[in-house]
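Structural overview
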Amino acid sequence: MANNEEVIEELKKIVKQKGLKYTEQREIVLDILINAEDHLSAEEVYNQIKEKYPDSNIGIATVYRALGFLEEVDLIASIAFGTEGKKYESNAKSHHDHLICTSCGKIVEFLDDEIEKRQDKIAKKNKFKITSHSMQLYGICTDCQSK
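In short, a report on the structure. Predicted model only: the values in this text are computed from it and were never measured.

Calculation rules
Each residue is numbered by its place in its chain's sequence as written, counting from 1. Per-residue local features are limited, in this predicted model, to residues with pLDDT of at least 70; the limit for side-chain atom pairs, both in listing and counting, is 80 or more; totals at the level of whole chains, interfaces and linings are taken over all residues. Side-chain metrics rest on all non-hydrogen atoms present in the structure, leaving aside hydrogens and water. Orientation is described by axes fitted as lines to C-alpha atoms, over the contacting stretch for helices, and by angles from 0 to 180 degrees between their N-to-C directions. By the criteria applied, helices consist of DSSP H or I runs no shorter than four residues and strands consist of E runs no shorter than two, each listed in order from the N terminus. Every angle not falling under 35 degrees, over 145, or within 65 to 115 is termed oblique; those three ranges are roughly parallel, roughly antiparallel and roughly perpendicular. We call a crossing left-handed when the near helix sits turned anticlockwise from the far one by less than a right angle, and right-handed when that turn is clockwise. Any two residues whose heavy atoms approach within 4.5 Å are treated as being in contact. The classification used treats Ala, Val, Leu, Ile, Met, Phe, Trp, Tyr, Cys and Pro as nonpolar, Asp, Glu, Lys and Arg as charged, and all other residues, Gly among them, as polar. Multiply 1.5 Å by the residue count of a helix minus one, and that product is the helix's expected span. For every residue, the accessible area obtained with a 1.4 Å probe (protein chains only) is divided by the maximum for its type, and the residue is called buried under 20%, exposed over 50%, and partly exposed between those limits. Here the arc refers to the directions that run from the helix axis out to each C-beta atom.

Quick notes on the packing of helix H3 (residues 42-52) against helix H4 (residues 60-72)
In helix packing, the relevant descriptors are the interaxial angle and the interaxial distance, both defined with respect to the helix axes. Close contact between H3 and H4 brings their axes to 9 Å; oriented N to C, the two are set at 120°. Taken together, H3 and H4 sit at an angle that is classed as oblique. At the point where H3 passes H4, the crossing takes the right-handed sense. In this structure, H3 contributes Ala 42, Glu 43, Val 45, Tyr 46 and Ile 49 to the contact, and H4 contributes Ile 60, Val 63, Tyr 64 and Leu 67. Along the lines of polarity and charge, the residues of the contact of H3 with H4 split into eight nonpolar, no polar and one charged.

Side note on helix H1 (residues 4-17)
It helps to recall that an α-helix has 3.6 residues per turn; residues three or four apart then point in one direction. When the terminal C-alpha atoms of H1 are compared, their 20 Å separation across 14 residues agrees well with the 20 Å that a helix rising 1.5 Å per residue should span. Every buried residue belonging to H1 is among Val 7, Ile 8, Leu 11, Ile 14 and Val 15, and all of these are buried. Down the axis, H1 shows its buried residues gathered within 120° of arc, on one side only. Of the residues in H1, the exposed ones pointing more than 90 degrees away from the buried face are Glu 5, Lys 16 and Gln 17. The elements touched by buried residues of H1 are helix H2 (24-34) and H4. Gly 19 occupies a position one or two residues after H1 and carries a positive phi of about 70°.

So, in structure tokens, the structure goes:
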């Protein structure tokens, strides 16, 4: 897991490699996600920017563009919620998988060593080299089950 400054430096390096102009807007969006405790929608990122950076003058369209770029260069990841859009998180966190409630949208992060070992075993059996993976399990959380 990288610290915030390392992730921001990685962003600067990627932008330079791509021959793009470095923008404070991308850095602010990335900063919000690095420090987020939850997975955030674009609107939630935008609302946090307005709260934490009131002088930034970043519009929602800029937030969407920055999120698209940051996901494209693998600094953030998203979970799709169909017509309800995406929720984003920083890739600076250590590896984990997700349980997702299809009723309320709650996301629970988990890591299970047995699942990780099983995936490695399956890959080895099939002579496959895993470069990355994402596991998302969908269901109904305990709060929604009791409604």
